[in-house]
Amino acid sequence: PEGMGVNLPQADGEPMDGPEEIVVVVATDGSIEFMGKIVKLDDLESLARDALAGNNKTPIVVKADKRVALQTVVAVKERVKKAGCQKLMIATESSP
């Protein structure tokens, strides 16, 4: 199935290319998709830890709709950091 659609906030800068990444999507309704599967916030830390598999330099990219409550994004960020992630990025769209 196709992933959740989100309307990313805009920011200046170049699109990122780089190593393989782990993607977390937060939809407008607050639901969380981790590597293509809908998950509960409470499960995110252990899922991220397993996905990192000891490589805490693998980037985790949070793609949160710009209408999502900031607290939800902060909660996702906290879980991912507790899992050992050292490279956390928030995805944005380039400004026109």
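Going by the structure above, here's the rest.
A brief report on the enclosed structure follows. Keep in mind it's a predicted model, so treat the numbers as computed, not measured. Every chain is numbered independently, its residues counted from 1 as its sequence is written. Given that this is a predicted model, residues contribute local features only at a pLDDT of at least 70 and side-chain atom pairs are listed and counted only at 80 or more, while totals for whole chains, interfaces and linings are drawn from all residues. Excluding hydrogens and water, the side-chain values take into account all heavy atoms of the structure.

1. Quick notes on helix 1 (residues 41–52)
Along its 12 residues, helix 1 runs 17 Å from first to last C-alpha, staying within 8% of the 16 Å computed at 1.5 Å per residue. Per-residue accessibility, obtained with a 1.4 Å probe over protein chains only, is compared with the maximum for each type, and a residue is labelled buried under 20%, exposed over 50%, and partly exposed between these values. Secondary structure follows DSSP: runs of H or I at least 4 residues long count as helices, runs of E at least 2 residues long count as strands, and numbering of each begins at the N terminus. The set of residues buried in helix 1 consists of Leu44, Ala48 and Leu52. Taken around the axis of helix 1, the buried residues stretch over an arc of 45 degrees, which confines them to a single face. The outward face of helix 1, more than 90 degrees from its buried face, is lined by the exposed residues Asp42 and Asp50. Immediately downstream of helix 1, the backbone of alanine 53 shows phi near 45 degrees, a positive value. A helix is expected to span 1.5 Å for every residue after the first. Think of the arc as the fan of directions from the helix axis to the C-beta atoms.

2. Side note on the sheet that holds strand 2 (residues 22–26)
As a general point, the strands of a sheet are linked pairwise by backbone hydrogen bonds and lie either parallel or antiparallel. Pairing between two strands is assigned when DSSP locates at least 2 bridges connecting them. If you trace the five strands from one edge of the open sheet to the other, you get 4-3-2-5-6, paired in mixed fashion. Looking at which strands have only one partner, the edges of the open sheet turn out to be strand 4 (37–39) and strand 6 (88–90). The sheet shows a mean angle of 25 degrees between the axes of neighbouring strands, taken without regard to direction. Across three bridges, strand 2 lies against strand 3 (residues 32–34) in antiparallel orientation. Bridging from a neighbouring strand, valine 26 pairs with isoleucine 32 of strand 3. Contact criterion: two residues are considered in contact whenever any of their non-hydrogen atoms come within 4.5 Å of each other. Axis definition: a line fitted to C-alpha atoms, limited for helices to the stretch in contact. Angles are taken between N-to-C directions and run from 0 to 180 degrees. Along the sheet, helix 2 (residues 70–82) contacts strand 2, strand 3, strand 5 (60–64) and strand 6; its crossing angle with strand 6, the most-contacted strand, is approximately 160 degrees.

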